[in-house]
Amino acid sequence: MEYLGHHVDECGVKPLKESVSNIANLKPPTTVREVRFVLETVNFYAKFIPGVAHMRKPLSDMRKKGGKFVWTEKCQQSFDSLKAALPDTSTTISKPSQPASCKEVSSNVSGVYEIRVSNSNASFEVYCEQKKFGGGWIVVQYRFNGSVDFYRNWDEYRDGFGNLDSEFWLGLEKMHQLTKSRTYELIVELKDFSGTYKYTRYNAFEIDSETEQYKLKTLGSWISGNAGDTMTYYNKGMKFSTKDRDNDGSSKTHCAQGREGAWWYGDCTYANLNGKYSNSIDMKSMFWYFFNVDYTGLSFSRMMIREF
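My aim in this report is to walk through the structure given alongside it, one point at a time. (Residues numbered from 1 in each chain as written. Predicted model: local features only at pLDDT ≥ 70, side-chain atom pairs only at ≥ 80, totals over all residues. Heavy atoms only, no water.)

Along the backbone of the protein there are 9 helices and 14 strands. Out of the 308 residues belonging to the protein, those deemed buried represent 50%. Across the protein, every contact between residues at least 6 apart in sequence was considered, and the portion connecting residues at least 24 apart equals 56%. Looking at the protein as shown, the accessible area adds up to about 13,500 Å², and 48% of this sits on carbon and sulfur atoms. (Helix = DSSP H or I, 4+ residues; strand = E, 2+ residues; numbered from the N terminus. Buried < 20%, exposed > 50% of the residue type's maximum accessible area, 1.4 Å probe, protein only. Contact = heavy atoms within 4.5 Å. Areas by Shrake-Rupley, 256 points an atom, 1.4 Å probe, with all protein chains shown as cover.)

Right, let's talk about the environment of Lys191 for a bit. Here Lys191 is to be found in strand 10 (residues 184–191). Using a relative accessible area of 31% as the deciding quantity, one classes Lys191 as partly exposed. In this structure the C-alpha to C-alpha distance between Lys191 and Phe144, which are 47 residues apart in sequence, comes to 8.9 Å. Dropping the residues within four chain positions of it, Lys191 is found in contact with Thr196, Tyr197, Phe291, Leu298, Ser299 and Phe300.

A separate point is the environment of Thr242. Mapped onto the fold, Thr242 is located in the loop between helix 8 (232–235) and helix 9 (255–258). On the basis of relative accessibility, which here comes to 0%, the residue Thr242 falls in the buried class. Each C-alpha atom, one on Thr242 and one on Arg152, is 7.0 Å from the other, the two residues being 90 residues apart in sequence. Apart from the residues lying within four places of it in its own chain, the contact partners of Thr242 are Arg152, Asn153, Trp154, Tyr157, His254, Ala256, Gly261 and Ala262. Reaching out from Thr242, the side chain makes a polar contact with the side chain of Asp244 at a distance of 2.6 Å. (Polar contact = N/O pair within 3.5 Å; in protein donor to acceptor, adjacent residues only side chain to side chain.)

For the rest of this paragraph, the subject is helix 5 (residues 73–84). For helix 5, which comprises 12 residues, the first-to-last C-alpha distance of 16 Å matches the rise-based estimate of 16 Å (1.5 Å per residue) to within 8%. The complete set of buried residues in helix 5 reads Cys75, Ser78, Phe79 and Leu82. All buried residues of helix 5 project into a common sector of 95° when viewed along the axis, lining one side. Exposed and oriented more than 90 degrees from the buried face of helix 5 are Glu73 and Ala84. (Expected span 1.5 Å × (residues − 1). Arc of directions from axis to C-beta.)

Tallying each qualifying case throughout the model produces 16 salt bridges. Residue Glu129 is joined to Arg302 by a salt bridge in which the shortest nitrogen-to-oxygen separation is 3.1 Å. In this pair, Glu129 is assigned in strand 6 (residues 124–129) and Arg302 in strand 14 (residues 300–307), connecting sequence segments 173 residues apart. Each member of the pair, Glu129 as well as Arg302, is classed as buried. Lys217 is the partner of Glu206 in a salt bridge, and the nearest nitrogen-oxygen pair spans 3.7 Å. With a gap of 11 residues between them, Glu206 in strand 11 (residues 197–207) and Lys217 in strand 12 (residues 216–219) connect regions that are remote in the sequence. For Lys217, a relative accessible area of 44% translates into the label partly exposed. Linked by salt bridges that have partners in common, Glu129, Lys132, Glu189 and Arg302 make up one network. (Salt bridge = Lys/Arg side-chain N within 4 Å of Asp/Glu carboxyl O.)

So this is what it looks like as structure tokens:
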């Protein structure tokens, strides 16, 4: 089986020759967007590259500098090292006994871990929050400085984007594979630009398949937190929409375009956590309406899921 640039069989996982060749032939990036593309592409093979986090650090650091492109000698060395370290396509990683979720990770240290939902799925990396709310949480969305553009298309939201050491969206397909196999709960953490922190917790969360347009199949009861139940009214049971895929419940507007985001929009929404990163009161911003009972843009958003 081929999955995200890998060949997966009973022996293990190995990279596809064509995919590795495409990365090896990349030219040095000339924009911040191209730097992000290089990092996201190389991440597919991070498990095959020892010391990849240190190796890619100059590129990751440059990407965080307010969107300014500055190509230094260290960036070139990082780029060349990553290409030189690309795996031999004959290399196979045998299937180890891997955790199926962050709750099964034995370490209590928060960070990036590799999980495998089931033996029929390829493994993938996730960021595990192992301290807050008792630990065992998979972070599926994280925004804190506006360094990553979240106004993206369907394929990008399906596959995921960003980097687990910065802002990112894990990917709808991964979220579907996780939540269809076991029962998960959801926590949404939020912070405004003045530093006020709030959170909301739902006791169930499940994403349907791509055939069903990654519908928010299950959203449980709001059981705790001081940020309010912002998702039930408009988002529960709705299909996912992006700027190029209008699945919302409105007959009057394309909500993803109107809100400059991507979400489970109904007749639009009280939650727009993939909207524009902006310190303003704006219906296009990254807002959570019941945080302040308005459309104030937030400075921090983190969505996390954990199996029961």
